[in-house]
Amino acid sequence: MDRNKILYNIQRNEIVSIKLPNPIDLQITGINKLDIFKKKIPQTGGDCIEVKTTKALITYLNEHFTYATNFREKEVFNEFTATYPTERLAILKTVIIDGQFGVAENGSVWINDSNFPNRLIPFITEVLVLCLNSEQIVSDMHEAYIKINNDITGFGVFMSGPSKTSDIEQHLVYGAHGAKKLIVIIYHENVVE
Amino acid sequence: MTQHNQKASLFLKNAERAAWHDETLWMVRQKRDKAASDVPEWERLREQASQIKMHTLSKHYEYLTRFEEMAKNNGVQIHWASTATRLNEIVYQIIKENNASKVVKSKSMLTEECGLNPYLEKKGIEIIDTDLGERIIQLRKEPPSHIVMPAIHLSKEEISELFHNQLHSEKDNSDPTYLASIARLHLRQKFLESEVAITGVNFAVAENGAVVVCTNEGNADLGVHAAPVQIHCMGIEKVIPRMSDLAVFIRLLARSATGQSITTYTSHYLTPKPGGQMHIVIVDNGRSELLKKADYRDSLKCIRCGACMNTCPVYRRSGGHSYHYVIPGPIGSILAPHKHRNNYKDLPFASSLCGSCSNVCPVKINIHGQLYRWRQDISKESTFFHWKKSIMKIAGKILSSNTIYNLSGKVTRWSIIHLPRVIIYNRLNIWGKDRELPKVSGESFKQWYYNKYEKQGQNGQK
């Protein structure tokens, strides 16, 4: 009943139709997207680390995040199901997941359902480590949505830096509800040692 | 005095706080300027955003039904609410059907507008606001004073006292990091216990049925992904056609709101989580009526960034509560009289019409133009401003006659120089309230000009 009432009310307005503008595509070239992206991350409160190869990435993760829950590993991914008990997710300290791509203009990383087995994981962990292929960086949000549009899943999020709040006298505090620390590790896939 | 005047003078009683409020919001405005100037195509984005919104409003029926269809295909349950009461009933119904009693909610100006919290509380439901600022004002039983920074009117000492009394934090510890950590612990528990999570909606995409929510704290996501049932409440004006349009709005929103390039979390919800439920409530509550009014339709483009508040010289100096409506500031002053003309007829006058709001608006709403339009509409039918009207009539007489103009100038100058203070600064002279009148010259401009140029036959030419 409400549906028809609302739609009827809308439909009887005769508003002069305005054309939908074509999507903006800036087609930016000649910039170093990786450099801009790397510079942007600290501005979002995040940390950025760059390693040379995929092998170096694994070594780095093993050395620095020995006790982390690493969702890049298949067994770990399969262990945590979508219906995994929330209380047990609440004790996660450090989580490692793959990022899909980064956005240079704002330092954010796109992740979606295919990167974590349970949607709560990237939000409930205290420290989040995102691994990103250096070739997967777009210059701006226009490019980002062109990339997403073709294979959007049930849930996806742009993340930029750790959770933050300025609600108390505009003082910036990290770790309001979500991750207190966000680390982006960029690796170069096609570099041969 | 109007309601806005009265409430503004209450706010101004604490001069130090008022000055802090003014400076802090101006700082946010400057951050916005910096963020906007870093984007070379900023003006193009604003124009694009405005056109997308205008187009969508002109094809509103098509996009809403398309959105509904796509969301249903994603396994989402769609509900329609024509009024605030209907939204409250629908949400309560969903909660009841799931035998739930613990609900968490992230920021939603719409549910604030509809009075969802008091409605659910009366029904015995625990509803917890999870945005830190919103939680603070919920504990204080106050409305928000800003749409992006709901507790901007409070000092850290007040928040410390509140947390000490209600969340048992250390007495007199007003360190923001400490206070935020107390809130984190308190709300983490609420997230884990909750059975239903409610959010507002920033954008709803017609082409694939996605709803997009932007937060910095991550509270929307903690709620939505932890609770088995998620409910997203959106006004009918939130729908946009395409995913590619999101790029435009996401680029504009955070930059305009806080000067960030993007919020920490920009979440796209399409399907329910495995084993969970996802509901979307599409709310009208007066919006389709506003759509009818060609003069005011423009205000439905609003994406609730708050930039018009941060820049407004009146808002910054009078505080959000002085607007006595759920959405304060310039945009609130346009929206409020549509809800209840008589209650809010003072708000379009709580503006200097300087136009700064229109200049910062990311979707190019002609905010000050609409405020001026409201003034005309309200003045026509209201006796509220008869005093102002009479003054204008007298002024009209004086300005149309050379003789009377010259004479009244003389009288005024003489009076200000010679009459005692008590008479000049009387109750009727509202300009003399809390401020000094400007120094008066002994002669008028006309006299000065005549003596300087025309008398010497120069005819104004040097």
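The numbering scheme is per chain: residues are counted from 1 as the chain's sequence reads. Ligands are numbered from 1 and chains lettered from A, in the order in which they are written. Side-chain atom pairs in this predicted model are given and counted only at pLDDT of 80 or more, local residue features only at pLDDT of at least 70, and totals for whole chains, interfaces and linings cover all residues. With hydrogens and water stripped out, all remaining heavy atoms of the structure feed into the side-chain values.

K.L.:
Can you break down the sheet that holds strand 11 (residues 181–187) of chain A residue by residue, with the values?
P.N.:
All names here are of chain A. For two strands to be treated as a pair, DSSP must find at least two bridges joining them. A run of H or I in DSSP becomes a helix once it reaches four residues, and a run of E becomes a strand once it reaches two; helices and strands are each numbered from the N terminus. Judged by pairing direction, the sheet is parallel, and its 5 strands sit side by side in the order 1-11-6-3-2 without closing on themselves. Both edges of this open sheet fall to strand 1 (47–51) and strand 2 (69–70), since each of them pairs with a single strand only. Bridge count between strand 6 (residues 127–133) and strand 11: 7 bridges; the pairing is parallel. Paired with Leu128 across the two strands is Leu182, which belongs to strand 11. Note on contacts: a residue pair is in contact if any heavy atoms of the two residues lie within 4.5 Å. Note on definitions: angles span 0 to 180 degrees between N-to-C directions of axes, and those axes are lines fitted to C-alpha atoms, for helices only across the stretch in contact. Each of strand 1, strand 2, strand 3 (94–98), strand 6 and strand 11 is contacted by helix 3 (residues 54–64), which is oriented at about 150 degrees to strand 11, the strand it contacts most.

K.L.:
Before we move on, can you summarise a nonpolar patch on the surface with the specific residues and values?
P.N.:
Where nonpolar side chains cluster on the molecular surface, the patch consists of Trp414(B), Leu419(B), Val422(B) and Ile423(B) and spans about 410 Å² of accessible area. Relative to the helices and strands, Leu419(B) is located in the loop between helix 20 (402–418) and helix 21 (421–424). To count toward a patch, a residue needs a relative accessible area over 30% and no salt bridge; like charges are then connected within 9 Å, while nonpolar side chains (Val, Leu, Ile, Met, Phe, Trp, Tyr) are connected within 5 Å. Per-residue and other accessible areas were derived by the Shrake-Rupley procedure at a 1.4 Å probe size, with only the shown protein chains allowed to occlude residues. We count a salt bridge whenever a side-chain nitrogen from Lys or Arg sits within 4 Å of a carboxyl oxygen from Asp or Glu.

K.L.:
A description of the pattern of salt bridges should follow, citing residues and the corresponding values.
P.N.:
All names here are of chain B. Summed over all chains, the structure comprises 37 salt bridges over all chains. Here Arg29 makes a salt bridge to Asp33, at a shortest N to O gap of 2.9 Å. Note that Arg29 and Asp33 are positioned in helix 2 (residues 15–37) at a spacing of 4 residues, about one turn of the helix. Between Asp377 and Lys380 there is a salt bridge whose closest N-O contact spans 4.0 Å. Taken together, the residues span about one helical turn, with Asp377 and Lys380 both in helix 18 (residues 367–381) at a distance of 3 residues. A relative accessible area of 14% means that Asp377 is categorised as buried. Type-normalised accessible area, obtained with a 1.4 Å probe on protein chains alone, sets the label of each residue: buried when under 20%, exposed when over 50%, and partly exposed for intermediate values. Its relative accessible area of 65% is what places Lys380 among the exposed residues.

K.L.:
Before we move on, could you go through the side chain of Asp140(A) and cite the residues and values that matter?
P.N.:
Along the chain, Asp140(A) falls in the loop between strand 7 (137–138) and helix 7 (141–149). Counted charges follow a simple rule, with Lys and Arg positive, Asp and Glu negative, and His plus the chain ends left uncounted. For the buried residue Asp140(A), which engages in no salt bridge, the nearest side chain bearing the opposite charge is Arg251(B), 5.1 Å off. For Asp140(A), the side chain forms a polar contact with the main-chain nitrogen of His142(A), separated by 3.0 Å. There is a polar contact of 3.0 Å between the side chain of Asp140(A) and the backbone nitrogen of Glu143(A). The term polar contact refers here to a pair of N or O atoms within 3.5 Å; inside protein, the definition further demands a hydrogen-donor-capable atom paired with an acceptor-capable atom, and it admits residues adjacent in sequence only when both atoms are side-chain atoms.

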